[in-house]
Amino acid sequence: MATMARDGWIALGESAVCQRVVYDLDWDLSNLDAMHVAQSPTGAFIGMARDDRKPYFTPGGAKSLHFPLCIYSATGQLLRSIPWDREPASILKLGWTDNDQLVAVLDDASVRLYPVYGDPVVLSLGEEVAKNGIASARIWPTGLAVLTKSGQFTVIGSWSSPVPRNYLHYVFTEQPASWTHVVASNTISGSVELLVPVANYLVVVSEMDHVEKPYSSLQTVQVSPQANFWACVLSSFMLEIRLAQTNQVVARLDLKSVVECDSNGFQLAWCGEDAVLVVFAESLIIMHMSGQHFAIDLFEPVILTEAHECCFQLTSTELTMFTPVLYATMNVFKIGSTHPGAILIDAIAHYSRKSAQSVDLLEGLLKDQQLRIALATCLEAAGQAWDPKLQHQLLQAVQFGRVWMDQDVTLRDEYSATCQRLRVLNAVRNRSIGIPLTALALQRLGYVGLVRRLTRARQHLLAHRLAEYLHLAHAKVEIVADWAKLKIMHSQDFDVNVLVATIVARVQASTATVDAALDYSELAVAAYRAGQPAVATKLLDHERDPARQVPLLMDMSQPQVALVKALDSFDRDLVHLVLVYLRSHLLLNEFFKTVLACPRAIPYLEQYARDHDRQLLRDFYSVDDRHVERGYLHMENAERAETVEAKLAELREAVTAFSSTRKSAADQKIAEQALDLVHEQAQIAKDHCDAGASTASLELPEGKSVNDMILYLIRTGQMTRAAKLKSKLQVPEKRRRTKVD
Amino acid sequence: MKLTAFYALVRDARDQLSHCLESGTGRKALVIDKSLSGIISRLADSAFIKEHGVERLSYLSPQVPDLSDCHSVIYIARSDPNVVKLIAQHVHGALASARDASGPTSSSSGVHSPPVAVSQRFFLFCLPRSTLLVKKILEDDSLLAEIDVQDLEIDLLPLEHDLFSMEYPSFHALAPMRDSHALYQLSSSLLALESAIGPFTAVRGRGPLADSFMTMFTKMRAAHSHPSPVDLTGTNRLILVDRTLDMITPLMTQFTYTGLVDTFKDIVAGFVEVDGGGQRPRKFKLSMDDDNIYCELADLNFGVVGPTLQRLAKELKAESGKRKEANTLTDINKFVSDKLPELQKLQEALPIHIGLAESVAKAIMDEDFNLVLQAQQVLLASTELDADLIDELMCRNYEPEAVLALICLGCLIGCVKEKQLDLWKREFVQSYGFHHLVTWHRLEQAGLLTATKTPTRQWANLRKALDLIVEDVRVEQPDDIAYTFTGYAPLSARLVQHWLRPTARTRDDISRLLPGPPVEVGDFGTAGRVFVLFLGGATYAEVSAVRLLGRTMGADVTVVATEMVNYRRIMAGAMVSLT
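Please read all numbers here as calculations on a predicted model, not as lab measurements.

**Brief notes about the interface of chain B and chain A**
Each partner contributes to the interface: chain B provides 44 residues, whereas chain A provides 46 residues. In total, about 4100 Å² of surface goes out of reach between chain B and chain A, with carbon and sulfur atoms giving 58% of it. Together, C395, Q430 and F434 of chain B form the three largest contributors to the area buried by chain B at its contact with chain A, with a combined 17%. Across the contact surface, chain B and chain A share two salt bridges. For the pair chain B and chain A, the number of links is 14 residue pairs in polar contact (both at pLDDT 80 or more). Listing elements by their share of the side of chain B that touches chain A, those giving two or more residues are α4 (81–101), α5 (132–140), α7 (181–197), α8 (208–223), α15 (387–395), α17 (418–432) and α18 (436–445) of chain B.

**Examining the state of the cysteines**
All names here are of chain A. One pass over the structure, following the stated rule, counts zero disulfides over all chains. Of the cysteine sulfurs around C18, a residue in no disulfide, the closest is that of C271, at 9.5 Å. A relative accessible area of 4% means that C18 is categorised as buried.

**Things to note about α17 of chain B**
Residue and element names in this part refer to chain B. Between its first and last C-alpha, α17 extends 21 Å over 15 residues, near the 21 Å set by a 1.5 Å rise per residue. Where α17 is concerned, the buried positions are L421, W424, K425, E427, F428, V429, Q430, S431 and Y432. Just downstream of α17 lies G433, where phi reads positive at about 120°.

**Here we look at the environment of Y398 of chain B**
Looking at the element boundaries, Y398 of chain B is found in the loop between α15 and α16 (400–413). In sequence terms Y398 of chain B and F369 of chain B are 29 residues apart; their C-alpha atoms lie 9.3 Å from each other.

**Focus: the side chain of T438 of chain A**
Residues and elements named next belong to chain A. Tracing the sequence through the fold places T438 in the loop between α9 (409–429) and α10 (439–456). The exposure class of T438 is buried, given its relative accessible area of 8%. If sequence neighbours within four positions are ignored, T438 has contacts with E309, C310, M321, T323, W386, L425 and R429.

**What about the sheet that holds strand β19 (residues 218–223) of chain A?**
Residues and elements named next belong to chain A. Pairing in this open sheet of four strands is antiparallel, and the strands run β19-β20-β21-β22 from one edge to the other. Of all strands in the sheet, those bounded by a partner on one side alone are β19 and β22 (249–254). Shown here is a sheet whose adjacent strand axes are inclined to one another by a mean of 15°, direction ignored. Note: strand β21 (residues 238–243) against β22, five bridges, orientation antiparallel. From the neighbouring strand, I241 faces β22, where its bridge partner is A251.

**Focus: a nonpolar patch on the surface**
Residue and element names in this part refer to chain A. Together, L366, V403 and W404 make up an exposed nonpolar region whose accessible area comes to about 290 Å². In this fold, L366 is placed in helix α6 (residues 357–367). Look at L366 and you get partly exposed, because its relative accessible area is 34%.

**Some details on the confidence of the model for chain A**
Residues and elements named next belong to chain A. Scored by pLDDT, chain A comes out at a mean of 85, with 95% of its residues at no less than 70. Mean pLDDT per element in chain A: helix α27 (residues 733–740) is the minimum at 50, and strand β8 (residues 101–106) is the maximum at 93. Segment residues 59–63 is flagged for pLDDT under 50; beyond a separation of four residues in sequence, or across chains, it makes zero contacts in the model. Across residues 736–741, where pLDDT falls below 50, the model places ten contacts with residues more than four positions away in sequence or in other chains.

**What to know about the side chain of T594 of chain A**
Residue and element names in this part refer to chain A. Inspection of the secondary structure assignment puts T594 in helix α19 (residues 588–596). Classification of T594 by relative accessible area gives buried; the value is 12%. Of note is the side chain of T594, whose polar atom sits 2.7 Å from the backbone oxygen of E590. Excluding anything up to four places from it in sequence, T594 contacts Q560, L582 and L586.

Thresholds, definitions, all that
- Residues numbered from 1 in each chain as written.
- Chains lettered and ligands numbered in written order.
- Predicted model: local features only at pLDDT ≥ 70, side-chain atom pairs only at ≥ 80, totals over all residues.
- Heavy atoms only, no water.
- Contact = heavy atoms within 4.5 Å.
- Buried area = accessible area lost by both parts, 1.4 Å probe.
- Salt bridge = Lys/Arg side-chain N within 4 Å of Asp/Glu carboxyl O.
- Polar contact = N/O pair within 3.5 Å; in protein donor to acceptor, adjacent residues only side chain to side chain.
- Helix = DSSP H or I, 4+ residues; strand = E, 2+ residues; numbered from the N terminus.
- Disulfide = S-S within 2.5 Å.
- Buried < 20%, exposed > 50% of the residue type's maximum accessible area, 1.4 Å probe, protein only.
- Expected span 1.5 Å × (residues − 1).
- Pairing = 2+ DSSP bridges.
- Axes fitted to C-alpha atoms, helices over the stretch in contact; angles between N-to-C directions.
- Patch = residues over 30% accessible without salt bridge, like charges linked within 9 Å, V, L, I, M, F, W, Y side chains within 5 Å.
- Areas by Shrake-Rupley, 256 points an atom, 1.4 Å probe, with all protein chains shown as cover.
- pLDDT = per-residue confidence, 0-100.

See the structure below:
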């Protein structure tokens, strides 16, 4: 078992790096060095495009002059090909974001983000960059940086708010040969920092500031994934690993003594935090932190991609992965290891050979109380193992040893969690899925992250099964939603009812056991955008939240349905929204017709219009033959009117409105009296005005009620006027008497 | 600790408010819609607001205040299109002046002055939540990018431990205009409450509003079924009091301390205006939590308020006198640390309550007021309305709200004939102004001014069946809810009493005499908290009555009302507003 476990190990002193061919590639490509190639951080996808600056020869001929932008799976299957022959700009650099979007930096200073499937997002790096032109670019999972031909950096620090920031305070007069970046989370300045070797300096540029550190003739720097170390290649081809904090040299290797060096286009990449890989034209050198190194001959061009905890090496035929051998695995399988884990494995081996020595070994472990450590180490090693056979054997060893530790609940839980994790890992590593995921990468991604990734890669079935297996209810809903969207978009010649029924049945089947509700409105939008309004409407019927439903229905020009849904929701604001929408999209007559066809909406219209559009309410009452209501509305308006003329006009309207039915005869009379009163008051005010300047001191009768008015006239000695008004407005005798007394 | 609904509400509301005030950076200005000022100050004092970096505080008005020196402007308003349009104007104004300031004209300023134009950020917090219409208005005004619109989800204002109000004027809306928005809002706030204190397992109620509330509540609960983060088990019970079943009580003159203070001094969001000692009047917070004197007075019949105040004053004097008795240093120290803050609080509150009680006493000594009061009592007890009195009051231009309330009461009890009503209508508009024709119309629509065509014994039967008139009511240490209206037991509270402890007889009577449909969900039982929902508003006297019921029947009762009402507010609500 131990020998099998050590397959591909490159021993580097006390440690080792494992070199493993993960997949043979299905593609038929040969000139990788004439291409832009970028592999996504999990290794799942490979983006590829022609590098226009390099000569490209194919046996095929003219056809391949227009090489499209391609996305391949890690097994070399073409997933997507984006035609590039009509694009005006050429690609300068490819890269991937941490959520699997292919990033392409173009020479017109724009950046495109292509999801594996779906439409790209286009960003601009700004006019400054466009004007100056891009000299070089770097893309990393959370951002990118470009160096303009004028020697300034422009950086996008995060994809969630992709605002280009210009680092204008430092200008490089000469184009540096190479430069690298440190992500914002690893810097003290809190911004992305760029490390640029210039002559005898290393310039560290941050957003606000820059530092020039004296440094002897650096060629290239590469910061380790956790930013603890720098790997440097000096112009003398001395490879050094330095502590990032103190600049102290940890390990050093004279590359010239090992291989033939060529400063043209060597690649430098980290393998975890443990080792550095350097690729020259014909060889690959691995140097460990301890200074131990190993060289591998290369027979064709390779491309290195640094991931968080490993390094991918791509050739035209296979995908290879370099991973540091982790501590637990090392302890168990290192030749001559005396770690309890190794002893346990040894014991099992003896046991299977029916050798009595296994008993001695196990007793030794038990006596020293080291079985628990042995089991934990083997379990950890099992979790890190790639080969299912090895995993199986390690797990078997653990199960064997567990007999003595059956009270240990933690161990039991860890055991089942490891099994679960390995099942997931083996499923996604399978060639048919093709994601070369390490255990550490899964830890970083999380199960939900993995399932999302699978969904984006349109591996719905596996994603759904994993979600089911891992009890991820919400993720399951997401998967089904995504699947349904695809289904809608790609269905042709179908029966609307059948399609919707299929989708709903599937959704209900997968959400039946959980409380998570599916956002049908999102599906409806997708359907509507895909030119399937009928499907959209049908889907919306299943949406439970009217606040989502109603605006969509309006967008889909189904205002009548929207109105009914809004009314069903009891939410006044939704109803008002629909009414406002209808009002602005329909002619007045049609608007009224629509509202009147839906009697429940009438009170809402009245209420909205009373507060916000009184003219509309007036028209509505006229159309609906509600003249009495209209009369009251005019009475109300009269009270609010600011001028006497307006008041009189409103009152006259009220009289006319009330006169249209006999039922409101009494109200008509009151309105007429009000008209008379206001007339009278206006007359008196006018008389006062005509009489001369003393008006200011005089109390004006405006706004008084009838009783007050009569009292006022009597008090000001206008008896005849009072009597006249009294008879005109039919004021009962009794009341006046009481008042005057 | 078991989370009470009160603390859950206060905590959530304060969290919301702090989130609101924390938005933006730099110097902050807070602009509040005036109608919300009570709600905001109930939850947060000025120190709380200052703590969050707010330096300028103003009320929203058509006049644009100059806030150009503030980096962030936070508006708090209801989701009312008119208010939002006003805010949009303000923001447009601010943006325009910022553009002007950054123009070439200002570049001549001195060397030391910082850049003139502060780039401002605007926030709009909509209470209780922003609506699509609000967003549409801002979008049409192309301001959606400038203003950050968020929700300030404060639905229920916790006035007391056992009293929450939505402070949403709904009495008129619910009945006449058939606008159920208040119910919608109440039901969404109850859903929120449910997630804090556990589900409502049983419901009792009766009437059309109760029924439509229940439909809404059930439907919304189904639509927003989110799994609760904690497993909440508890028995919370609901009683739905449908205002349309009892319009009489809110039109009556309440006779509890708080009820009368509300009637004459107008309590808004738990604040009442009191004399500021020569300066302009100030707002005084009525809260049983902070104020021991109010705690004693709140539910008392006004008849015993005078003696109680006297007793309290004496006690206070005696307590403060103890300071002189404290001779040793430790005694004095103990007094200062234990008693003094409490005493100071009492000493501050006592004169205010005396002042309030005095002004109420003055108001109820009024001769006409007493005539109205008598008329009310006679009306309820013998189903007769003194028509001459109403004529007389109108002639004397007596407070129109009181006159209308009395007429409405007559109609509700069923003793006003059509001819009489027409006559009163004419006289009313002639006495108080013709625009009251609209007021009259609105009250008609609300079902408050309906003439009796054929005489019925409806009220008499109801009165007898539910014991609504109680002779010889005890106002000191009351044993019956009738003490709250000195002789009249509010119908609404009698219904609550029935649902808390139903008997076969009352059940029959209620289903015979009151309109349906009945609402019955779950097994009501006797355990757990009871929430009494007043759909369409509650009076403070009813709250006192329900408190008494809770005490005598050993139930933990909380009143939740769409708003706090009294006859004045109801009548004023029907009158044409000029805004």
